[in-house]
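# Structure at a glance
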Amino acid sequence: GQQLNQSPQSMFIQEGEDVSMNCTSSSIFNTWLWYKQDPGEGPVLLIALYKAGELTSNGRLTAQFGITRKDSFLNISASIPSDVGIYFCAGQSLISNFGNEKLTFGTGTRLTIIP
Amino acid sequence: DVKVTQSSRYLVKRTGEKVFLECVQDMDHENMFWYRQDPGLGLRLIYFSYDVKMKEKGDIPEGYSVSREKKERFSLILESASTNQTSMYLCASSKSDRLYGYTFGSGTRLTVV
């Protein structure tokens, strides 16, 4: 199946630092999504991007849909302890026969904040 | 509060057992999905369903089957559990509309001994 390359695999930062992570694909996607997974929970949607070149913010989070439609970036400004978790990118593509869509997920970026 | 509910948070099963993982959603979503999550591998799609009694193989269907008899319920079946199926299993659902992402359950951590 399709694979998304997400980097970095893990990050150790101090509270207050900015965070950047990205995702690249060999395939084009119609939509890029970013999810966060808290320990012991399922992933929760943070940001959705629907058009190439789109830049979207959600509080301290900013994400961009790459012009080539093969990549996306997520930035977190001024990190706080509750930002700890695993961040997943996901590309959404059509299941061509039925018009429904499925997600392909990246391998995840584990964010740890050092006291 | 709309949600996806997975019947068990933790399961321990023996090798060779038949295992059922249940997932129920209350959002009237058409699509339902089963993923497994392993460190360094992210989320990998096992099976999905876009309608009652319909199912499609994902990227890693071997050793699994699914059942969707009602719109709100999607079951993952391990016919004969093996130790390499020890993993976190996540169920998700979505509307058939590109404006919506998935809603995930909290996961079932399965250990096969």
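Heads up: these notes are all about the structure in this document.

Rules used throughout
Residues numbered from 1 in each chain as written. Chains lettered and ligands numbered in written order. Predicted model: local features only at pLDDT ≥ 70, side-chain atom pairs only at ≥ 80, totals over all residues. Heavy atoms only, no water. Helix = DSSP H or I, 4+ residues; strand = E, 2+ residues; numbered from the N terminus. Buried < 20%, exposed > 50% of the residue type's maximum accessible area, 1.4 Å probe, protein only. Contact = heavy atoms within 4.5 Å. Pairing = 2+ DSSP bridges.

## Overview of the environment of Asn58(A)
Residues and elements named next belong to chain A. The residue Asn 58 is located in strand E6 (residues 55–58) in this model. Given a relative accessible area of 41%, Asn 58 falls into the partly exposed group. Separated by 48 residues in sequence, Asn 58 and Ser 10 place their C-alpha atoms 22 Å apart. Non-local contacts of Asn 58, meaning those with residues more than four positions away in its chain, are made with Leu 46 and Ile 47.

## Some points on the pairing of strand E9 (residues 87–94) of chain B
Residues and elements named next belong to chain B. By the criterion of burial, E9 is predominantly enclosed, with eight of the eight residues buried. The alternating pattern of E9 places Ser 87, Tyr 89, Cys 91 and Ser 93 on one face and Met 88, Leu 90, Ala 92 and Ser 94 on the opposite face, and all of these are buried. Two elements, E9 and strand E11 (residues 108–112), share three bridges in a ladder whose sense is antiparallel. The residue bridging Ser 87 from the neighbouring strand is Leu 110, located in E11. Here E9 runs beside strand E10 (residues 103–104); their pairing, made up of two bridges, is antiparallel.

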